[in-house]
Amino acid sequence: MKDMIIATKNSGKTKEFKTFFAEYDINAMSLPELSHEIEDIEETGTTFEENAALKAEQIAELLQIPVLADDSGLVIDALDGRPGVFSARFAGEPKDDQKNIDKVLAELEGVADRTARFVCVLAVSVPGEKTVFKKGYCDGRIADAQAGHNGFGYDPIFIPKGYPQTMAQLSSDEKNRISHRSDAIHQLRDWVKNLR
Ligand SMILES: O=c1[nH]c(=O)c2ncn([C@@H]3O[C@H](COP(=O)(O)OP(=O)(O)OP(=O)(O)O)[C@@H](O)[C@H]3O)c2[nH]1
Ligand SMILES: [Mg+2]
C-alpha cells in the first residue's frame with residue numbers, strides 16, 4: 001500500500017480522503033498522524049486555489065514528498081459568495097462549526113434566495129514540479145434550520161440539489177458520491193493511478 005500525505009488537520013476531510021484513496025490501495029495520512037508536529041500553514045490567499053497551493057507546496061517542500069491539499073468552503077449567492085475562503089473561521093477564531101452554522105442561518109433569516117454551493121480545490125505538489133489543481137462543486141441550498149449529524153462543517157444546513165434532506169442526513173457513502181470533494185478527487189484519478 002502506498003502512502004499519500006494530505007496537508008490537512010481537519011478530521012472530517014481526512015475521513016473522506018481515507019475512504020476515497022483506500023479504493024486505489026493508497027493510505028491517506030493527515031498531518032496529525034505524522035510523527036513530528038507540523039505548524040499550521042497560514043491561509044493568506046484570497047482564492048481556494050491560492051490557499052490549496054500554500055498548504056500543498058509548503059508541506060511538500062518541508063517533507064520532500066508528494067502532498068495533496070484541500071481548500072474548500074461554502075459559497076452563498078445571497079451573501080455575495082461568503083463565507084467562501086473564510087468558511088472555516090466565518091464566526092471567528094478558534095474555528096467552531098456550530099457558531100459558523102448559527103451565523104449563516106442568522107444572516108439568511110427572511111432571505112428567500114438560499115442557493116449555495118460547496119467548492120473544493122485540490123492542489124497536488126510534487127517537489128520540483130508544477131502544482132496541479134482540480135476543482136469540484138456541489139450545488140444546493142441552505143436549509144431553514146439545521147438537521148442531521150453526519151459529515152462536518154456546514155453539512156447540517158446544506159441541502160444538495162435533488163435531495164429532500166441535508167448533507168448531514170445522508171450516509172457517508174451517499175455524501176461521497178455527490179460531494180464537491182468527490183467531484184474534485186475523481187478528476188485526479190489518472191494522476192493517482194500513476195502514483196509510485
Ligand atoms: O459542511 C461541510 N461539508 C464539507 O464537505 C466541507 N468542506 C469544507 N467545508 C467548510 O469549509 C471549511 C474549509 O476550510 P479549509 O479548507 O481551510 O479547511 P480547514 O481549515 O477546516 O482544514 P485544513 O485542511 O485547512 O487543515 C471547513 O472547515 C468547513 O467549514 C465543508 N463543510
Ligand atoms: Mg484551513
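Residues numbered from 1 in each chain as written. Chains lettered and ligands numbered in written order. Predicted model: local features only at pLDDT ≥ 70, side-chain atom pairs only at ≥ 80, totals over all residues. Heavy atoms only, no water.

- The protein carries the name dITP/XTP pyrophosphatase in an unreviewed UniProt entry, which gives Lentibacillus kapialis as its organism.
- Under the UniProt heading Subunit (unreviewed entry), the note attached to the protein is "Homodimer."
- According to UniProt, the comment filed for the protein under the heading Sequence similarities (unreviewed entry) is "Belongs to the HAM1 NTPase family." (UniProt positions renumbered as here; feature names shortened; annotations may be inferred.)

**Quick notes on the overall build of the protein**
Part 1 of the reasoning: The helix and strand tally for the protein stands at 6 helices and 6 strands.
Part 2 of the reasoning: Computed over C-alpha atoms, the radius of gyration of the protein comes to 17 Å, within 12% of the 16 Å expected from 2.2 N^0.38 for 196 residues, which places it in the range of a compact globule.
Part 3 of the reasoning: The burial tally for the protein puts 47% of its 196 residues in the buried class.
Part 4 of the reasoning: Residue pairs in contact within the protein that sit at least 24 positions apart in sequence constitute 57% of those at least 6 positions apart.
Part 5 of the reasoning: Taken as a whole, the protein presents about 10,200 Å² of accessible surface, with 48% of it coming from carbon and sulfur.
Part 6 of the reasoning: When the 24 basic and 33 acidic side-chain charges of the protein are each reduced to a single mean position, those positions are 4 Å apart. (Helix = DSSP H or I, 4+ residues; strand = E, 2+ residues; numbered from the N terminus. Rg over C-alpha atoms; globule rule 2.2 N^0.38 Å. Buried < 20%, exposed > 50% of the residue type's maximum accessible area, 1.4 Å probe, protein only. Contact = heavy atoms within 4.5 Å. Areas by Shrake-Rupley, 256 points an atom, 1.4 Å probe, with all protein chains shown as cover. Lys, Arg positive; Asp, Glu negative; His and termini not counted. Charge placed at Lys NZ, Arg CZ, Asp CG, Glu CD.)

**A word on the UniProt feature "active site" (unreviewed entry) in the protein**
Part 1 of the reasoning: UniProt records the feature "active site" (unreviewed entry) at Asp71, using the numbering of this structure.
Part 2 of the reasoning: Mapped onto the secondary structure, aspartate 71 falls in strand β3 (residues 67-76).
Part 3 of the reasoning: The exposure class of aspartate 71 is buried, given its relative accessible area of 3%.
Part 4 of the reasoning: Filtering out sequence-adjacent residues up to four positions away, aspartate 71 remains in contact with Lys13, Glu43, Phe48, Asn51, Ala52, Lys55, Val85, Val119, Cys120 and Val121.
Part 5 of the reasoning: A polar atom in the side chain of aspartate 71 sits 2.8 Å from the side chain of lysine 55. (Polar contact = N/O pair within 3.5 Å; in protein donor to acceptor, adjacent residues only side chain to side chain.)

**Some details on the pairing of β3**
Part 1 of the reasoning: Burial analysis of β3 places 10 of its 10 residues in the buried class, the great majority of the element.
Part 2 of the reasoning: The side-chain alternation of β3 yields two buried faces, one formed by Val67, Ala69, Asp71, Gly73 and Val75 and the other by Leu68, Asp70, Ser72, Leu74 and Ile76.
Part 3 of the reasoning: As paired strands, strand β1 (residues 2-6) and β3 are joined by 2 bridges and run parallel to one another. Residue isoleucine 5 lies in a different strand from β3, and its bridge partner there is valine 67. (Pairing = 2+ DSSP bridges.)

**Quick look at helix α1 (residues 11-22)**
Part 1 of the reasoning: With 12 residues, α1 extends 16 Å from end C-alpha to end C-alpha; this agrees with the ideal 16 Å at 1.5 Å per step.
Part 2 of the reasoning: All buried positions along α1 are accounted for by Gly12, Lys13, Thr14, Glu16, Phe17, Phe20 and Phe21.
Part 3 of the reasoning: The residue sitting at the N-terminus of α1 and contributing the capping side-chain oxygen is asparagine 10; that oxygen lies 2.8 Å from the backbone nitrogen of glycine 12. (Expected span 1.5 Å × (residues − 1).)

**Here we look at the site of ligand 1**
Part 1 of the reasoning: Taken together, 22 residues surround ligand 1, and among them Thr8, Glu43, Phe152, Tyr154 and Asp155 come closest.
Part 2 of the reasoning: Within the contact set of ligand 1, an oxygen atom lies 2.6 Å away from a side-chain nitrogen or oxygen of threonine 8.
Part 3 of the reasoning: Protein contact buries 97% of the 610 Å² of open area that ligand 1 shows by itself.
Part 4 of the reasoning: At the level of secondary structure, the elements contributing two or more residues to the shell around ligand 1 comprise β3 and α5 (180-186).
Part 5 of the reasoning: With 4 residues, the single largest contributor to the shell around ligand 1 is β3.
Part 6 of the reasoning: Taken together, the residues of the shell around ligand 1 break down into 4 nonpolar, 7 polar and 11 charged. (Near = heavy atom within 4 Å. Nonpolar A, V, L, I, M, F, W, Y, C, P; charged D, E, K, R; others polar.)

**Some points on the sheet that holds strand β4 (residues 115-125)**
Part 1 of the reasoning: Here we have 6 strands laid out as an open sheet, ordered β2-β1-β3-β4-β5-β6, and mixed in their pairing. Two strands in the sheet have a free side with no partner beyond their single neighbour: β2 (26-30) and β6 (158-160). Adjacent strand axes in the sheet meet at a mean angle of 35 degrees when their direction is disregarded.
Part 2 of the reasoning: In the sheet, strand β5 (residues 132-142) pairs with β6 via 3 bridges, with the strands oriented antiparallel. If you follow isoleucine 142 over to β6, its bridge partner there is phenylalanine 158.
Part 3 of the reasoning: Helix α2 (residues 48-63) contacts β1, β3, β4 and β5 of the sheet and is inclined by roughly 160 degrees relative to β3. (Axes fitted to C-alpha atoms, helices over the stretch in contact; angles between N-to-C directions.)

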